[in-house]
Amino acid sequence: MSRAVEQAAEKTREIGVIFNNNSGGDAAGNALDMKARLAVEYENLNPKQMGLF
């Protein structure tokens, strides 16, 4: 899936990705995996959010 996001990024300025938080609770782990694969870094997050990302 990260390749699809990378391809879309070549054609647009901003992309949003939604992860389904199913009963297995996979959304957070999958989002962190995608963040790592795409080498995404966040700046200026609310201090309470730092543990989430």
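In what follows, the structure referred to is the one given above.
As the structure is a computational prediction, the values presented were derived from the model and not from experiment.

Undergrad: What am I meant to see in the overall build of the chain here?
TA: In terms of helices and strands, the chain carries two helices and zero strands. Relative to its full complement of 53 residues, the chain shows a buried share of 9%. Carbon and sulfur atoms make up 49% of the accessible area of the chain, which totals about 4700 Å².

Undergrad: Which parts of the structure should I look at to understand the pattern of salt bridges?
TA: A side chain of one charge can pair with a side chain of the opposite charge if their charged atoms are brought near each other. Scanning the entire structure with this criterion turns up two salt bridges. As a salt-bridge pair, Arg3 and Glu6 come within 3.5 Å of each other at their nearest N and O atoms. Taken together, the residues span about one helical turn, with Arg3 and Glu6 both in helix H1 (residues 2-9) at a distance of three residues. In this structure, Arg37 and Asp33 form a salt bridge, with 2.9 Å as the shortest nitrogen-oxygen distance. With Arg37 and Asp33 both in helix H2 (residues 27-37) and four residues apart, this pair spans about one turn of that helix. Here Arg37 falls in the exposed class, since its relative accessible area comes to 55%. Judged by relative accessible area, which is 38%, Asp33 ranks as partly exposed.

Undergrad: Help me out: how do you make sense of the environment of Gly16 in this one?
TA: As for its placement among the helices and strands, Gly16 is situated in the loop between H1 and H2. The class for Gly16 is exposed, based on a relative accessible area of 68%. Each C-alpha atom, one on Gly16 and one on Val5, is 9.2 Å from the other, the two residues being eleven residues apart in sequence.

Undergrad: How do you make sense of unusual backbone geometry when you look at a structure like this?
TA: With glycine set apart, most residues show a phi of negative sign, and most peptide bonds adopt trans. Even without glycine at this site, Ala39 takes up a positive phi of about 55°. Within the element layout of this structure, Ala39 appears in the segment after H2. The class of Ala39 is exposed, set by a relative accessible area of 60%.

Undergrad: Help me understand H2 in this model?
TA: Residues spaced three or four apart along an α-helix face the same direction, because each turn holds 3.6 residues. Along H2, the positions that sit buried rather than exposed are Ala27, Met34 and Lys35. Summarising the axial view, the buried residues of H2 lie within an arc of 100°, below the 170-degree limit, and thus occupy one face. H2 presents Ala36 and Arg37 as exposed residues on the side facing more than 90 degrees away from its buried surface.

Criteria and cut-off values
- By convention here, each chain's residues receive numbers from 1 onward along its written sequence.
- The predicted nature of this model means local features are confined to residues of pLDDT at least 70 and side-chain atom pairs, given and counted, to a pLDDT of 80 or more, with totals for whole chains, interfaces and linings taken over all residues.
- Calculated side-chain values reflect all of the structure's heavy atoms, with hydrogen atoms and water omitted.
- Secondary structure elements follow DSSP: runs of H or I of four or more residues count as helices, runs of E of two or more count as strands, with numbering from the N terminus.
- Burial status follows relative accessibility: with a 1.4 Å probe on protein chains alone, a residue under 20% of its type maximum counts as buried, one over 50% as exposed, and anything between as partly exposed.
- Here the accessible surface of atoms and residues is derived via Shrake-Rupley with a 1.4 Å probe, and residues count as covered only by protein chains that are part of the display.
- Counted as salt bridges are all cases of a side-chain nitrogen of Lys or Arg within 4 Å of a carboxyl oxygen of Asp or Glu.
- The arc in question is formed by the directions pointing from the helix axis toward the C-beta atoms.

Treat this as a map of the structure, not an account of what it does.
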